Amino acid sequence: MNMEDVVEKTKQASSGHNINLRTQAEFIDMVSTEKTNYCKLVALLVDTASHVIWTYIRKQILGSTSFESFLNIIEEKHKLIHVYETNACCECVFELIKGSKLISRKQLLLLYKSDVSKQIKNHAKYVDGKVVRVCTCKYVAIKDIDVKKIDITLASHIILKCGKQELGLDNWITQIKEVRNEIFHISDMQTVSDNKFNRKWKKVKGSILGIAQLINSEFAEITTKKIQQTKTITCIPDYMLKYEILCRDYWRNKCAEFERTQIENFLNKEEALHIHSPKVCSTSIGRDSQKTMEKIQNLNTIVDNINILIKVFGNEQDMNTLKDTESRKQDYQRVHVPVFMQLDLPASWNRTTVLEYLDELRLNRTSDMNIRIMAVSPDDLKVFSEIAKNVLGKVDLLKQEVNRIISGMLVDVASDTKHIDDVVVSLTIPEFTDSIPLQLSFQLDVQLRKKFELQSIRDFGNRDCIITNDLLVFTDHVRNRLLIYNFNGSYIRTIRVFGTPVSIVVTNQNDVAVSYNQEFIDIIIIKTGKVKNIIKTSGIIGGISYQNGLMYVVINYQTIDVMDLTGKIILSLSLSSYRPDNLLESTVGCLTSDTDSLFLTYPLNNTIYCCDLNGSDRWTFTDDKMIQPSGITTDQNGNVYVSCYKSNNVIVVSSEGKHHKELLNKKDGLHNPTGIYYNKSNDCLLVCNEGNCNAFLFDVKHSAKNE
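What counts, and at which threshold
- Residues numbered from 1 in each chain as written.
- Predicted model: local features only at pLDDT ≥ 70, side-chain atom pairs only at ≥ 80, totals over all residues.
- Heavy atoms only, no water.
- Pairing = 2+ DSSP bridges.
- Helix = DSSP H or I, 4+ residues; strand = E, 2+ residues; numbered from the N terminus.
- Axes fitted to C-alpha atoms, helices over the stretch in contact; angles between N-to-C directions.
- Buried < 20%, exposed > 50% of the residue type's maximum accessible area, 1.4 Å probe, protein only.
- Parallel < 35°, antiparallel > 145°, perpendicular 65-115°, else oblique.
- Left-handed = near helix turned anticlockwise from the far one by under 90°.
- Contact = heavy atoms within 4.5 Å.
- Nonpolar A, V, L, I, M, F, W, Y, C, P; charged D, E, K, R; others polar.
- Disulfide = S-S within 2.5 Å.
- Patch = residues over 30% accessible without salt bridge, like charges linked within 9 Å, V, L, I, M, F, W, Y side chains within 5 Å.
- Areas by Shrake-Rupley, 256 points an atom, 1.4 Å probe, with all protein chains shown as cover.
- Salt bridge = Lys/Arg side-chain N within 4 Å of Asp/Glu carboxyl O.
- Phe/Tyr/Trp six-rings, centres within 6.5 Å; stacked < 30°, edge-to-face > 60°.
- Core = buried A, V, L, I, M, F, W, Y, C linked by side-chain atoms within 4.5 Å.

As recorded in an unreviewed UniProt entry, the chain goes by DZIP3-like HEPN domain-containing protein and comes from Mytilus galloprovincialis.

Have a look at this one:
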């Protein structure tokens with residue numbers, strides 16, 4: 001709509017609503033002023049605010065170090081990689097950082113290039129084909145990178161993650177970003193009223209000068225003059241055009257809050273803007289929805305011009321097994337089959353872009369995907385993937401899923417859609433029958449090795465147990481002690497402790513950690529019984545676990561503190577995403593950890609909850625046969641064993657939480673079982689009763705391991 005159209009429509013509206021616009025000239029002046037206000041705010045953000053933030057990084061963080069060298073410092077790179085990467089990395093072994101996907105991969109690649117040749121094979125870790133630890137060694141800072149190459153969002157993350165956390169800094173940067181997002185959000189309207197201009201100007205000015213003052217007073221004075229000059233500039237058309245282009249480019253390519261997927265985009269805007277600017281938010285979401293629908297329609301047109309040719313290679317036994325599984329239970333329809341995908345793409349397609357796209361799919365895959373990318377070979381575009389077997393068994397379904405992946409590539413590679421291209425996808429199924437867990441139940445057998453009649457010890461109350469160095473250790477919560485036996489059932493000695501023991505875990509070959517129903521943990525040398533270290537905690541302890549040099553400690557039966565063996569807290573997990581509304585039912589009983597997971601019992605809710613080591617949800621499990629789960633442990637395959645106090649049994653649950661089996665019950669001698677411990681070195685399971693103070697050592701045989 002041009003200016004004449006605006007004036008005409010306003011004249012028509014004013015006649016029906018008594019709008020007091022006396023002349024077209026006055027209206028034009030008003031529009032011109034509001035557009036100038038908009039332009040000045042953009043100039044303040046793009047020029048002055050960015051300059052001050054860049055200067056702060058140079059003076060207060062980099063010092064004499066170049067930006068490239070700084071980005072390559074291991075400690076700093078570790079912090080910045082986790083602004084994007086949510087999985088643990090090879091450096092998390094020394095300092096665990098909880099990843100928080102605050103930027104996109106494109107933004108990360110503004111700082112670092114991905115050099116796969118520098119990746120160290122053993123640094124990456126997979127469990128059941130899923131990435132649980134990534135190698136950050138492959139990230140190398142962009143050569144001769146300058147601070148000016150980064151936007152306010154990236155700069156703010158560098159300051160807040162790598163800076164000195166100066167008073168007020170976080171708030172000032174946040175205010176600048178909030179105004180930037182709102183102003184750039186109205187880049188199509190380009191009008192700001194005087195009242196709004198004055199409020200936003202004051203807010204940004206105060207934040208800019210706050211940061212400038214942290215550098216030094218002389219720089220703050222220079223910045224004050226620059227701000228005043230910007231406010232008094234006369235915006236001629238060419239000058240305004242400069243900032244319009246900057247703003248639109250910034251809006252499209254650099255603004256982190258609006259660079260996620262379209263769905264995330266809508267949710268973020270609705271949450272961030274609806275409260276402050278509901279009208280602007282509503283208009284924007286409608287506008288973005290229309291653009292998205294147009295993009296989808298265009299994409300459909302593009303896809304029509306691509307022929308997906310699929311070839312499946314597998315031996316006869318593999319294919320027969322595929323057909324047979326069609327008749328299996330519905331629960332197993334989503335089992336995934338390891339498959340190699342060979343992509344034969346048109347020569348005109350950008351292979352680098354395709355690799356980046358596939359790597360993005362790999363990093364962001366979800367459990368409900370029918371095709372999961374596990375790894376990509378850059379030399380021959382061979383993709384190691386897992387495909388749901390119900391999809392792999394039907395060509396039409398398979399073509400549909402592959403089509404979706406190719407469709408995503410088309411957008412990124414910007415191929416010429418005026419002619420039809422052929423994309424050949426060859427699939428190879430490696431040793432199908434050995435790779436897929438087709439068993440309909442756990443192939444686990446237990447055999448009693450030894451029964452321990454601990455009730456012969458006067459006034460004994462058993463709560464927890466472990467196995468370490470061929471010794472069996474039981475906690476006595478009545479007499480405040482640890483009882484030590486050998487494997488043949490002989491009592492060895494007693495270790496007195498200074499509280500009521502709740503949980504015990506093995507921390508290394510010589511030491512154990514004992515928690516109490518108080519606010520401290522003892523690290524005890526099991527051979528001598530001496531207390532090596534006392535760790536003060538932030539609340540009453542419910543249970544503890546140990547994994548990869550870190551203890552996971554239940555605090556006040558609600559949260560988990562992750563700490564090293566000196567008591568230094570690395571992070572706290574609130575577990576708010578899974579917490580029953582009923583306060584009692586939200587009480588955590590005990591926990592155990594595996595290589596990449598935490599497993600917790602909620603005894604009053606009869607539930608097992610699983611999350612990753614950063615607290616992200618994985619699954620929950622409950623069953624009528626599992627009443628008041630108390631103890632919990634895992635085997636080398638990730639299967640979870642739970643002792644249930646009220647139902648007098650032991651339930652084993654598969655690592656993904658989908659399948660379970662009652663392994664032991666009352667017939668096996670269980671009576672109010674509490675402690676349970678799986679010794680992975682020799683496949684034996686120790687279970688102890690609180691009801692009669694008996695304990696049992698079982699040998700466990702895995703007839704078929706779950707892959």
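## Observations concerning the sheet that holds strand β14 (residues 481-486)
Two strands in a sheet stick together by hydrogen bonds in their backbones, pointing the same way (parallel) or opposite ways (antiparallel). The strand order across the open sheet formed by 4 strands is β12-β13-β14-β15, and the pairing between neighbours is antiparallel. A strand with exactly one partner marks an edge of an open sheet, and here the two such strands are β12 (462-468) and β15 (491-496). Averaged over all pairs of adjacent strands, the angle between strand axes in this sheet comes to 20°, irrespective of strand direction. In the sheet, β14 pairs with β15 via 5 bridges, with the strands oriented antiparallel. Bridging from a neighbouring strand, isoleucine 484 pairs with arginine 493 of β15.

## A closer look at the pairing of strand β30 (residues 649-653)
Judged by how many residues are buried, β30 sits mostly within the fold: 5 of 5 residues are covered. Here β30 shows two buried faces, one formed by Asn649, Ile651 and Val653 and the other by Val650 and Val652. As paired strands, strand β29 (residues 640-644) and β30 are joined by 5 bridges and run antiparallel to one another. Across the sheet, residue valine 642 finds its bridge partner in β30, namely isoleucine 651. Between the antiparallel neighbours β29 and β30 lie 4 residues, among them asparagine 648 with a positive phi of about 55°. Relative to strand β31 (residues 660-664), β30 runs antiparallel, the two sharing 4 bridges. The residue bridging isoleucine 651 from the neighbouring strand is glutamate 662, located in β31. In textbook terms, the turn of a hairpin is the stretch between consecutive antiparallel strands, and for β30 and β31 this stretch comprises 6 residues, one of which, glycine 657, has a positive phi near 80°.

## Some words on the packing of helix α8 (residues 194-215) against helix α9 (residues 217-231)
It is at 7 Å that the axes of α8 and α9 come closest, and there the two elements cross at 160°. With respect to α9, the element α8 is oriented roughly antiparallel. Seen along the crossing, α8 lies across α9 with a hand that is right-handed. Two secondary-structure elements touch here, α8 through Phe197, Trp201, Lys205, Ile208, Leu209, Ala212, Gln213 and Ile215 and α9 through Ser217, Phe219, Ala220, Thr223, Thr224, Ile227, Thr230 and Lys231. Grouping the amino acids of the contact of α8 with α9 by side-chain chemistry returns 9 nonpolar, 5 polar and 2 charged.

## Concerning the sheet that holds strand β25 (residues 597-602)
Pairing is antiparallel across the open sheet formed by 4 strands, whose spatial order is β24-β25-β26-β27. A single partner strand is all that each edge strand has here, and the edge strands are β24 (591-593) and β27 (617-621). Going from strand to strand, the sheet's axes swing by 15° on average, the running direction of each strand aside. Where β25 lies against strand β26 (residues 607-612), 6 bridges are found, and the strand directions are antiparallel. In the sheet register, phenylalanine 599 faces β26, and the bridge partner there is cysteine 610.

## As for the state of the cysteines
Enumeration over the complete set of coordinates arrives at 0 disulfides. With no disulfide of its own, cysteine 89 has cysteine 92 as its nearest cysteine by sulfur position, at a separation of 3.8 Å. Not part of a disulfide, cysteine 135 finds its nearest cysteine sulfur in cysteine 137, a span of 3.6 Å. Of the residues examined, cysteine 135 reaches a relative accessible area of 3% and is grouped as buried.

## Here we look at the pairing of strand β28 (residues 629-634)
Judged by how many residues are buried, β28 sits mostly within the fold: 6 of 6 residues are covered. Two elements, β28 and β29, share 5 bridges in a ladder whose sense is antiparallel. Paired with glycine 631 across the two strands is serine 643, which belongs to β29. In textbook terms, the turn of a hairpin is the stretch between consecutive antiparallel strands, and for β28 and β29 this stretch comprises 5 residues, one of which, glycine 638, has a positive phi near 90°.

## Side note on a nonpolar patch on the surface
A surface patch of nonpolar side chains, amounting to about 320 Å² of accessible area, comprises Phe498, Val531 and Ile534. Counting through the fold element by element, isoleucine 534 comes out in strand β19 (residues 531-536). With a relative accessible area of 55%, isoleucine 534 lands in the exposed category.

## Re the packing of aromatic side chains
Summed over the entire model, instances satisfying the criterion amount to 10 aromatic pairs. Each ring, one from phenylalanine 197 and one from tryptophan 201, has its centre 5.3 Å from the other, and the planes form 35°; the classification is tilted. You can see phenylalanine 197 and its partner tryptophan 201 sitting in helix α8, 4 residues apart, about one turn around the helix. Like phenylalanine 197, the residue tryptophan 201 is buried in the burial classification. An aromatic cluster is present here, built from Phe452, Phe474, Tyr485 and Tyr491 joined pairwise through their rings.

## Some words on the nonpolar core
Within the largest apolar cluster, 55 residues are counted, with the highest numbers of intra-cluster contacts made by Phe67, Leu71, Leu111, Tyr112, Ile150 and Ile183. Tallying contributions element by element places helix α2 (residues 24-62) first for this core, with 14 residues. In this view, isoleucine 183 contacts Tyr38, Leu41, Val42, Leu45 and Val192; residues no more than four positions away in its chain are not counted. With 27 residues, the next largest nonpolar core counts Ile371, Ile406, Val425 and Leu427 among its residues.

## Some details on the pattern of salt bridges
For side chains of opposite charge, pairing can occur when their charged atoms come near one another. Applying the stated criterion across every chain, the model contains 11 salt bridges. Here glutamate 519 and lysine 536 are joined by a salt bridge, their closest N and O atoms 3.0 Å apart. Here the residue glutamate 519 occupies a position in the loop between β17 (511-516) and β18 (520-525), and lysine 536 occupies one in strand β19, the gap between them amounting to 17 residues. The partly exposed category is assigned to glutamate 519, whose relative accessible area is 33%. Since its relative accessible area comes to 58%, lysine 536 is described here as exposed. A cluster of three or more residues bridged by salt bridges with shared partners is formed by Glu182, Lys196 and Lys200.

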